[in-house]
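Examination of the molecular architecture
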Amino acid sequence: MATDEVRAGVELTNLDEPLGPDAGATKRDLVDYLDAVSDRILPVLADRPLTVLRALRGREPFMQKNVPKYTPDWVRTVTMWAESSQRQVRYAVCDDRRTLLWLANQRAVEFHVTLGLAGQVYRPTHLVLDLDPPPGSDFAAVVAAAALVRRALTDCGLSGAVKSSGAKGVHVFVPVDDSAPVDDVAAATRALAARAEALDPSVATTAFIVEDRAGKVFIDSTRAGGATVVAAYSPRLRAGTPVSFPLDWSDLDRVTPADFTVHTALDVLGGRDPWAANMPAPQRLPQDLIEQGRTIPVARVAAMHEGKRRARARRTIR
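Residues numbered from 1 in each chain as written. Predicted model: local features only at pLDDT ≥ 70, side-chain atom pairs only at ≥ 80, totals over all residues. Heavy atoms only, no water.

Per an unreviewed UniProt entry, the recorded name for the protein chain is ATP-dependent DNA ligase, and the organism is Mycolicibacterium phlei DSM 43239 = CCUG 21000.

With respect to the pairing of strand E8 (residues 126-132)
Burial analysis of E8 places six of its seven residues in the buried class, the great majority of the element. Where E8 meets strand E10 (residues 170-175), six bridges bridge the pair, whose relative direction is antiparallel. Of the residues in E10, the one forming a bridge with aspartate 130 is histidine 171. Pairing analysis gives three bridges linking E8 to strand E12 (residues 217-220), with the strands arranged antiparallel. Counterpart to aspartate 132 in the pairing with E12 is phenylalanine 218. (Buried < 20%, exposed > 50% of the residue type's maximum accessible area, 1.4 Å probe, protein only. Helix = DSSP H or I, 4+ residues; strand = E, 2+ residues; numbered from the N terminus. Pairing = 2+ DSSP bridges.)

So, the pattern of salt bridges
Throughout the structure, instances matching the rule amount to 17 salt bridges. For aspartate 130, the salt bridge is made with arginine 223, and the minimal N-O distance between the two is 3.0 Å. Of this pair, aspartate 130 sits in strand E8 while arginine 223 sits in the loop between E12 and strand E13 (228-230), and the two are 93 residues apart along the sequence. Residue classification places aspartate 130 among the buried residues on the basis of a relative accessible area of 10%. (Salt bridge = Lys/Arg side-chain N within 4 Å of Asp/Glu carboxyl O.)

Some points on helix H3 (residues 97-105)
Since the α-helix turns once every 3.6 residues, residues separated by three or four places project in the same direction. Among the nine residues that make up H3, seven are buried, leaving the element largely enclosed by the rest of the structure. Of all the positions in H3, only Thr99, Leu100, Leu101, Trp102, Leu103, Ala104 and Asn105 are classed as buried. Arginine 107 sits one or two residues past H3 and shows a positive phi near 60°.

A closer look at unusual backbone geometry
With a phi angle near 50°, asparagine 14 is a residue other than glycine that sits in the positive phi range. By secondary structure assignment, the location of asparagine 14 is in the loop between strand E2 (10-13) and helix H1 (27-36). Unlike most non-glycine residues, threonine 241 shows phi in positive territory, near 50°.

Shown next, in the form of structure tokens:
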């Protein structure tokens with residue numbers, strides 16, 4: 001395999017190969033973009049177990065948690081038990097430019113991080129709400145739901161930062177201090193979603209089952225515990241290769257997620273780091289918010305039981 005270029009001691013190969021059939025970007029575009037934003041994306045990735053979406057030539061894209069055997073020994077890794085696969089998984093941790101460029105050369109397009117740091121992965125540093133629009137809706141629906149989330153935050157004395165997901169929705173990040181264990185952070189997340197929904201149930205829903213959402217924006221409160229979320233500034237393997245881009249709350253109704261791609265994001269950023277600039281200091285979660293959340297069932301568990309109930313009902317009708 002011929003080396004096209006060397007940066008930070010990393011041999012970069014096949015840079016002019018496209019990332020995918022509709023990506024509108026090459027591996028060179030990916031490498032150049034990540035290198036240019038390395039000073040902004042690295043603080044977001046640092047000390048967090050990393051899952052990447054790789055797009056290898058001739059293969060379907062796949063999520064990679066376990067680092068490959070040929071990973072250089074200078075790439076920092078952390079080994080953790082994965083409940084989903086019931087095995088030890090050796091994750092990469094991207095703390096420096098060299099590792100970032102090596103991952104880019106591996107055609108790692110998306111960077112998904114844990115909410116906790118490597119040494120305490122089940123101690124979230126942020127509470128996260130994921131706003132997911134229904135099929136066929138425009139971004140205005142997400143903007144309306146985001147306004148509800150922001151109002152719910154303000155009503156309980158909290159504040160957060162917002163970014164595009166790089167797809168069709170947005171992520172709201174609320175930095176939290178270390179006073180609340182993971183179960184309390186998860187409970188507060190559920191309560192915030194419920195409070196936002198209650199402000200205008202015609203706009204937003206917390207219904208986990210898709211058929212129950214009735215064309216509303218879904219406020220997903222399940223990103224807690226060992227969950228991951230796409231990092232700010234990360235590209236997404238979608239048409240046009242968009243970027244999960246930090247936004248000002250006041251700009252939400254003037255942009256669309258497609259405005260920010262590996263080709264355009266750098267010009268919009270200029271020399272700024274809006275994710276760092278917009279992120280509030282860590283906050284203590286109100287006890288009444290936690291207590292309310294404890295009364296709300298975990299969405300995935302409730303949906304599983306409801307799915308079984310509906311299946312039994314359909315069998316009875318037959």
